[in-house]
Amino acid sequence: MQLPDPVTFAIPAFVLLILIEAAIGRYAPKKSNYEMHDSAASLLMGLGNFAIGLVNFGIVGAVALWVYQYRLFDIGYHWWAFVLILFAEDFVYYWFHRLSHEHRIWWAAHINHHSSQYYNLTTALRQTWTGAFIGTWIPWLLLSFIGFPLALILFQKGISLVYQFWIHTEAIDRMWKPVEAVMNTPSHHRVHHATNPKYLDANYAGIFIIWDKLFGSFVPEDKAEPCRYGIVKQIASFNPLIIAFHEWAGIFTDLFHAKSPKAAFMYVFGPPGWSEDGSRLTSRMIKERERIRLAGQTADAAD
Amino acid sequence: MAIDPLILLPAAAGAVLLLIIAIRLIAGRREAELAPETLAQFLAGQEPGEKIVSFVISEDRRYALVEWQNGKGIGLIRSFGAKMVLQMLGQDMLLKCDWREGTTILSIPRQGFAFPPVKFAVGEADRQMVKDYLKGEKDAAA
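All values reported here derive from a predicted model rather than from experimental measurement.

1. Quick look at the overall build of chain B
Right, so step 1: Looking only at helices and strands, chain B features 4 helices and 7 strands.
Right, so step 2: Taken from N to C terminus, the helices and strands of chain B fall in the order α-α-β-β-β-β-α-β-β-β-α.
Right, so step 3: In terms of its C-alpha atoms, chain B occupies a principal-axis envelope of roughly 70 × 30 × 30 Å.
Right, so step 4: With 142 residues in all, chain B has 31% of them scored as buried.
Right, so step 5: Expressed as a percentage of contacts within chain B between residues at least 6 apart in sequence, the contacts between residues at least 24 apart total 44%.

Shown next as structure tokens:
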């Protein structure tokens, strides 16, 4: 069965919405913030991701079809298969995304998506160039093994990507409560892109925020603490090559200087920010430092 | 209907180029200018609770050097589009900095992959302060 590619159909809407959002920013800067160099970097990252995807697709597709031979069930294209894969693919996405933040080797491929200090619709297109080479597609093989046909998986991946486009915006405030309770929204995803300590490593959801609520990674947006976007150690370059490869360069430098095999292992597979001498901070350490600082402030206020 | 990638890719590249031009026309030119207030506001978010001892802003207002009370090194803040980026200059980096054109420009070399070199134009009134930053760190290194 042939299914349409949702992304191809959505591209004109992507372009139109970006132009509308940029125009909103001209009159309401708090609602949207655009800078040409930043947007150019994001769009070129998206273009590069698209080109690399064309090359990689054959390999990834072949592996998925190989796994599909050993499938547990014959799910096919029944109407309920479309409902089932909506949740199954989103569950896989949640874990792929969470692992991408918790282990440096996948973080090196995902960091580019977070490297912008701006948060607008072009940020959604700031996609990875290196993910496919280090197997970030492996979690989706679970769906082939369960028995979802490849075309259905690709269709749902496209739906997820299109869904996640519109949530990269400051132009939409909190939505209707039932929507915020179940769906990933601009408010939830702003938190995910924020570097404020209380927001780090939160809201990994793709379409449904329920996974974060279920697995303890949900943090609501707090109006008293506006999001500061980007990465903990911001980079000073709009060059797509540097955006795509700077964390890889960091890994190789650390490996070169590692003093033990355990340290070498941790520099690749440990949490981002881990270092042998503790001179750098992981998200957990940043959160702990902030907790101590706030506790000190409260104690000072009580005195 | 599948579109040939040889047509698709150049078309996509062309569309991206047009979109970039449109964003430039709509958003205008954006460049943060460093001032004491914006610097303080930025650092309150970046290094909350850390007390600033002194700072020097470059003559073109694109860069600033900051010294904290805790003696953890000197920070270089650079204007980056409409935003700012903080980079810590440890002893090793400060040892590599050198003066150009007498003592009017401090040359700060590239740090790693993501921080390009900087030509920091120092005003006459601030020259001694910058020398002290460098000297302090060099003394600490010694």
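Back to the text.
2. What about the packing of helix α3 (residues 79–102) of chain A against helix α4 (residues 104–114) of chain A?
Residue and element names in this part refer to chain A.
Right, so step 1: Between α3 and α4, whose axes approach to 6 Å, the crossing angle comes to 100°. Between α3 and α4, the angle is such that the two are roughly perpendicular. Between α3 and α4, the contacting residues are Leu99, Ser100 and His101 on the first element and Trp106, Trp107 and His110 on the second.
Right, so step 2: Broken down by class, the residue content of the contact of α3 with α4 amounts to 3 nonpolar, 3 polar and no charged.

3. Thoughts on the interface of chain A and chain B
Right, so step 1: Between chain A and chain B, the contact holds 30 residues from the first and 28 residues from the second.
Right, so step 2: Looking at the side of chain A that touches chain B, the elements that each hand over two or more residues are α1 (6–27), α2 (36–68) and α10 (240–257) of chain A.
Right, so step 3: No other element matches α2(A), which puts 11 residues into the side of chain A that touches chain B.
Right, so step 4: Class assignment for the residues of the side of chain A that touches chain B results in 18 nonpolar, 7 polar and 5 charged.

4. So, the confidence of the model for chain B
Right, so step 1: Per-chain confidence: chain B averages 85 in pLDDT, with 92% of residues scoring 70 or above.
Right, so step 2: This prediction of the complex comes with two scores: 0.92 for pTM and 0.87 for ipTM.

5. Describing the nonpolar core
Right, so step 1: In terms of nonpolar packing, the biggest core is built from 52 residues, with B:Val56, B:Ala64, B:Leu65, B:Val66, B:Leu76 and B:Ile77 touching the most fellow members.
Right, so step 2: Looking at this core, the element that brings in the most residues is α2(A), giving 6 residues.
Right, so step 3: Beyond its immediate chain neighbours, meaning those up to four positions away, B:Val66 contacts B:Leu43, B:Ile52, B:Phe55, B:Ile74, B:Gly75 and B:Ile77.
Right, so step 4: Listed in part, the 17 residues of the second largest apolar core include A:Ile153, A:Tyr204, A:Ala205 and A:Ile207.

6. Quick word on the pairing of strand β4 (residues 83–89) of chain B
All names here are of chain B.
Right, so step 1: Summarising burial for β4: 5 of the 7 residues are buried, a large majority.
Right, so step 2: Bridge count for strand β3 (residues 74–80) against β4 is 7 bridges, and the pairing is antiparallel. The residue of β4 that forms the bridge with glycine 75 is methionine 88.
Right, so step 3: Hairpin remark: β3 followed by β4, antiparallel, with 2 residues in the connecting loop; positive phi at glycine 81, about 65°.

How each quantity is defined
- Residues numbered from 1 in each chain as written.
- Chains lettered and ligands numbered in written order.
- Predicted model: local features only at pLDDT ≥ 70, side-chain atom pairs only at ≥ 80, totals over all residues.
- Helix = DSSP H or I, 4+ residues; strand = E, 2+ residues; numbered from the N terminus.
- Buried ≥ 20, exposed ≤ 12 C-beta atoms within 10 Å, placed from the backbone.
- Contact = placed C-beta atoms within 7 Å.
- Axes fitted to C-alpha atoms, helices over the stretch in contact; angles between N-to-C directions.
- Parallel < 35°, antiparallel > 145°, perpendicular 65-115°, else oblique.
- Nonpolar A, V, L, I, M, F, W, Y, C, P; charged D, E, K, R; others polar.
- pLDDT = per-residue confidence, 0-100.
- Core = buried A, V, L, I, M, F, W, Y, C linked by C-beta atoms within 7 Å.
- Pairing = 2+ DSSP bridges.

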